[in-house]
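# Observations on the model geometry
One letter stands for each residue in the lines below.
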Amino acid sequence: GGQPVPSRVRAICEAVADARNVAPERNPAIWLTEHARVPPNAWVDPNWKNSWPRTGDLEAAIGVADMVIAAAQIPEVQGTFVHALHGTDGPWPLFHREKGGGMHPGAVYWALRILRDSMLEDVLPTSTNSSNDSRYEGGYDLRTVVMADVEHRKYSIWAVNRSGQSVTAHLGIP
């Protein structure tokens, strides 16, 4: 689909650096919007409606989780706005409209809900070493971030696997 997560993260870091160059005495606050996954052909096919379901499927949920995990590690990022809070037949839905009139949450909603429910106050410096057996364009299979509560008695780990295979992770907290 669209650009890999690392290219978006580099763009955010470049924006932070630019803001600091302009006003070194201020700490930039960044709110991310419009980073939802774009399916293949969205930019080449003017009528990419057939690809709209791919903006709310499991692959989209993994891509959004990857971006949120990456954004959590950039202190200047204050929050993210992802997908559309709707249940229409348009792209990037958090909810899917049922033919009988109801709605149900989609894969992206559940990914965001899992992350939100396990979020803690303190994002710890996190280093992840990962292979790229999946050949994901971003260059890795696994992205992680570790958080702790204020007293550092409770930890939460966010991780996303870009590979189609299981990945074994080893965690070390000094």
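Above this text you will find the structure in question.
Each chain has its residues counted from 1, following the order in which its sequence is written. Residues qualify for local features only when their pLDDT is at least 70, as the model is predicted, and side-chain atom pairs are given and counted only at 80 or more; totals for whole chains, interfaces and linings, by contrast, use all residues. Think of the side-chain values as coming from all heavy atoms in the structure, minus any hydrogens and water.

## Overview of the packing of helix 1 (residues 5–22) against helix 2 (residues 58–72)
Between helix 1 and helix 2, the shortest axis-to-axis distance is 10 Å and the interhelical angle comes to 30°. Considered as vectors, helix 1 and helix 2 are oriented roughly parallel to each other. Here the hand of the crossing between helix 1 and helix 2 comes out right-handed. Between helix 1 and helix 2, the residues in contact are Val5, Arg8, Val9 and Ile12 and Gly63, Asp66, Met67 and Ala70, respectively. For this classification, the nonpolar set comprises Ala, Val, Leu, Ile, Met, Phe, Trp, Tyr, Cys and Pro, the charged set comprises Asp, Glu, Lys and Arg, and every other residue, Gly included, is treated as polar. Considered class by class, the residues forming the contact of helix 1 with helix 2 number five nonpolar, one polar and two charged. Axes here mean lines fitted to C-alpha atoms, for a helix over just the part in contact, with angles spanning 0 to 180 degrees between N-to-C directions. Counting from the N terminus, the helices are DSSP H or I runs at least four residues long and the strands are E runs at least two residues long. Angle categories are assigned with fixed cut-offs, so that under 35 degrees is roughly parallel, over 145 is roughly antiparallel, 65 to 115 is roughly perpendicular, and the rest are oblique. Here a crossing is called left-handed whenever its near helix is offset anticlockwise from the far helix by less than a right angle, and right-handed whenever the offset is clockwise. Here, two residues are considered to be in contact whenever any of their heavy atoms come within 4.5 Å of each other.

## Quick word on the environment of Ala17
With respect to the secondary-structure elements, Ala17 resides in helix 1. Separated by 103 residues in sequence, Ala17 and Leu120 have C-alpha atoms that sit 27 Å apart.

## Remarks on the pattern of salt bridges
One side-chain nitrogen of Lys or Arg within 4 Å of one carboxyl oxygen of Asp or Glu is enough to make a salt bridge. A complete count under the given rule lists five salt bridges for this structure. Here Glu59 and Arg54 are joined by a salt bridge, their closest N and O atoms 3.2 Å apart. For Glu59, a relative accessible area of 38% translates into the label partly exposed. When accessible area is computed with a 1.4 Å probe and restricted to protein chains, residues below 20% of their type maximum are described as buried, those above 50% as exposed, and intermediate ones as partly exposed. Arg54 gets classed as partly exposed once you look at its relative accessible area, which sits at 31%. In this structure, Arg143 and Asp66 form a salt bridge, with 2.4 Å as the shortest nitrogen-oxygen distance. Separated by 77 residues along the polypeptide, Arg143 in strand 6 (residues 142–148) and Asp66 in helix 2 bring together distant segments of the chain. Exposure remark for Arg143: the relative accessible area of 16% places this residue in the buried category.

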